[in-house]
Amino acid sequence: MDSPTNKMVRICILTVLGVVLNLIEPPLPAPVPGIKLGLANLMSVIGLYSLGTYSAIWITILRTITVNLFLGFDLRGFLSLGGGVVSALIMEAVYYFYKRETGVVAVSMLGGLMHNFTQWLMVVILLQQPYLVVYLPFLLLSGVLAGVFIGTTGAYTLRRLGGFISGKDLQS
Amino acid sequence: MKRGDLLIYLFIIFMLLSSFLIYFFLNRIGGANQRIKSVVVEYKRQVFTEIPLPSEKRTVELKGSWGVLILNLDGYKIRVNPASPHYCPDKICMNQGWISEPPQTIVCLPNRIIIYYRGGAQIDGLTH
Ligand SMILES: [Zn+2]
């Protein structure tokens, strides 16, 4: 059950679910157009905590590339790739080094915060408009709230379906 | 609560608090009651035009990197006219609709155009 192919197939299934979430998720109002909450990160969190290390980063990269094939590579794709990859890398690192000392909710809150912080930073660097700092509190807060939502939904899903997603149910 | 979680929460609170402090600080030095003086249009980070507000109903044509954006002005309200969709490949600028006060900003990345208010509450603090 722990073969690489098996893990890859499971990662792909979570990726497809993430693509759907990504496509139906509306962009955040007002600030800089194109910034998203990152609800699709739910699948990265579920992947990380059921399939283990490297799942979140794979799911995130595959998801953003697939979504960009649908929508065309533009600012939105660029922002969601950057925000997604940075937040997935941070969650991977915390999971890898501090698995025992941290929980799903806190880690996905951190992921949500870094997801939006990265998108904001990319926009500021791209546009060279430092006054965009006025959007930062709003973006960070919504990122953390998205993380709370993703963390609690993810923890619930993992409790109910964790064994099914990782395939451990079939072993027993 | 686990020990690592506590550190994460502290980090999150630190980030949120400092961003809110920066926000309120800028609001203060900008002067919260300051009026909007004008709208600034930048093309490739150079000020292309600055129009005093309020403005009567009029349109302004902006030549961008991709096409010509038609700007609608009405009082303090501004939008990119959606009538010529082929002038912007992603149409984010057009779908945004009307903006009416700072810090609302219209950004058209394909055309390299940024439109923002000057003299409004927060913006002044940083640009001057
Ligand atoms: Zn545009």
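Predicted model only: the values in this text are computed from it and were never measured. (Residues numbered from 1 in each chain as written. Chains lettered and ligands numbered in written order. Predicted model: local features only at pLDDT ≥ 70, side-chain atom pairs only at ≥ 80, totals over all residues. Heavy atoms only, no water.)

### Digging into the overall build of chain A
Thought 1: Check the secondary structure of chain A and you find seven helices and zero strands.
Thought 2: N-terminal to C-terminal, the α/β element order of chain A is α-α-α-α-α-α-α.
Thought 3: For chain A, buried positions account for 57% of its 172 residues.
Thought 4: Surface summary for chain A: the accessible area is close to 7,700 Å², and the carbon and sulfur share equals 73%. (Helix = DSSP H or I, 4+ residues; strand = E, 2+ residues; numbered from the N terminus. Buried < 20%, exposed > 50% of the residue type's maximum accessible area, 1.4 Å probe, protein only. Areas by Shrake-Rupley, 256 points an atom, 1.4 Å probe, with all protein chains shown as cover.)

### With respect to the coordination of the zinc ion
Residue and element names in this part refer to chain B.
Thought 1: Looking at the zinc ion, the protein donor atoms are Cys88 (SG), Cys93 (SG) and Cys108 (SG), and they sit 2.2 to 2.3 Å from it.
Thought 2: For the zinc ion, the donor residues sit on a single chain with the sequence spacing C-x4-C-x14-C. Cys93 carries the same exposure label as Cys88, and that label is buried. (Donors = N, O, S within 2.8 Å, 3.2 Å for Na, K, Ca; no water.)

### Thoughts on empty space enclosed by the protein
Residue and element names in this part refer to chain A.
Thought 1: Counted according to the given criterion, the structure contains five cavities of 30 Å³ or more.
Thought 2: Each pocket or cavity is described by its volume, and for the second largest cavity that value is around 50 Å³.
Thought 3: If you trace the second largest cavity, you find it lined by Asn22, Glu25, Lys36, Gly38, Arg63, Ser80 and His115.
Thought 4: For the lining of the second largest cavity, the per-class residue count stands at no nonpolar, four polar and three charged. (1 Å grid on protein atoms, 1.4 Å probe; cavity = no way out; pocket = protein on both sides within 12 Å on 5 of 7 lines; lining within 4 Å. Points joined across faces, edges and corners; volume = space filled by probe spheres on them. Nonpolar A, V, L, I, M, F, W, Y, C, P; charged D, E, K, R; others polar.)

### Details of the domain arrangement of chain B
Thought 1: Domain boundaries assigned for chain B yield domain 1 (1-30) and domain 2 (32-119).
Thought 2: Taking the mean C-alpha position of each, domain 1 of chain B and domain 2 of chain B sit 32 Å from one another. (Domains from an automatic or database assignment.)

### Some thoughts on unusual backbone geometry
Thought 1: Cis geometry is found at the peptide bond from Leu53 of chain B to Pro54 of chain B, where omega equals 0°.
Thought 2: You can see Pro54 of chain B is positioned in the loop between strand S2 (46-52) and strand S3 (55-63).
Thought 3: Despite not being glycine, Tyr54 of chain A has its phi angle at roughly 75°, a positive value.
Thought 4: Positive phi values are uncommon outside glycine, yet Arg45 of chain B reaches one of about 65°.
Thought 5: Relative to the helices and strands, Arg45 of chain B is located in the loop between strand S1 (38-43) and S2.
Thought 6: The exposure class of Arg45 of chain B is partly exposed, given its relative accessible area of 41%.

### Some details on the nonpolar core
Thought 1: Counting residues in hydrophobic clusters, the biggest one holds 49 residues, and the most contacted among them are Leu14, Ile46, Leu113, Trp120 and Leu132 of chain A together with Ile8 and Ile12 of chain B.
Thought 2: Of all the secondary-structure elements, those providing two or more residues to this core are helix H1 (4-24), helix H2 (41-51), helix H3 (55-71), helix H4 (75-98), helix H5 (104-127) and helix H6 (136-166) of chain A together with helix H1 (3-30) and strand S7 (113-118) of chain B.
Thought 3: If you tally residues by element for this core, the top one is H5 of chain A, at twelve residues.
Thought 4: When residues no more than four places from it in sequence are discounted, the contact partners of Trp120 of chain A are Leu132, Val133, Tyr135, Leu136 and Leu139 of chain A.
Thought 5: Counting residues in each nonpolar core, the second largest holds 21 residues, with Leu69, Leu71, Ile106 and Tyr117 of chain B among its members. (Core = buried A, V, L, I, M, F, W, Y, C linked by side-chain atoms within 4.5 Å. Contact = heavy atoms within 4.5 Å.)

### What about the sheet that holds S3 of chain B?
Note on sheets: strands pair through backbone hydrogen bonds, and any given pair is parallel or antiparallel.
Residue and element names in this part refer to chain B.
Thought 1: Spatially, the three strands line up as an open sheet ordered S3-S4-S5, and their pairing is antiparallel. Two strands lie at the open edges of the sheet, namely S3 and strand S5 (77-80), each paired on one side alone. The mean inter-strand angle of the sheet, taken between neighbouring strand axes irrespective of direction, is 15°.
Thought 2: Pairing between strand S4 (residues 68-75) and S5: four bridges, direction antiparallel. Following the sheet pairing, Leu71 is matched in S5 by Val80. (Pairing = 2+ DSSP bridges. Axes fitted to C-alpha atoms, helices over the stretch in contact; angles between N-to-C directions.)

### Some points on the packing of H2 of chain A against H4 of chain A
Residue and element names in this part refer to chain A.
Thought 1: Following both chains from N to C, one finds H2 and H4 inclined at 20°, their axes separated by 11 Å at the closest point. Overall, the two elements H2 and H4 adopt an arrangement that is roughly parallel. The two elements H2 and H4 meet at a crossing, and its hand is right-handed. Residues Asn41, Val45, Leu48 and Tyr49 of H2 touch H4, and the partners they reach there are Ser87, Met91, Glu92 and Tyr95.
Thought 2: Residue classes in the contact of H2 with H4 are distributed as five nonpolar, two polar and one charged. (Parallel < 35°, antiparallel > 145°, perpendicular 65-115°, else oblique. Left-handed = near helix turned anticlockwise from the far one by under 90°.)

### A short note on the UniProt feature "transmembrane region" (unreviewed entry) in chain B
Thought 1: Taken from the UniProt record, the annotation "transmembrane region" (unreviewed entry) applies to residues 6-26 of chain B.
Thought 2: Its end C-alpha atoms 30 Å apart, residues 6-26 of chain B is made of 100% helix and 0% strand. (UniProt positions renumbered as here; feature names shortened; annotations may be inferred.)

### A closer look at the interface of chain B and chain A
Thought 1: Facing the 31 residues of chain B at the interface are 35 residues of chain A.
Thought 2: Buried surface at the junction of chain B and chain A, both sides included, amounts to about 2,900 Å², of which 76% is carbon and sulfur.
Thought 3: Here chain B is connected to chain A by one salt bridge.
Thought 4: Arg3 of chain B is paired through a salt bridge with Glu101 of chain A; the nearest N and O atoms lie 4.0 Å apart.
Thought 5: Contributing elements (two or more residues each) for the side of chain B that touches chain A: H1, strand S6 (105-108), S7 and helix H3 (121-127) of chain B.
Thought 6: When residues of the side of chain B that touches chain A are assigned to their parent elements, the largest contribution, 14 residues, is made by H1 of chain B.
Thought 7: Considering only residue class, the side of chain B that touches chain A consists of 18 nonpolar, seven polar and six charged. (Buried area = accessible area lost by both parts, 1.4 Å probe. Salt bridge = Lys/Arg side-chain N within 4 Å of Asp/Glu carboxyl O.)

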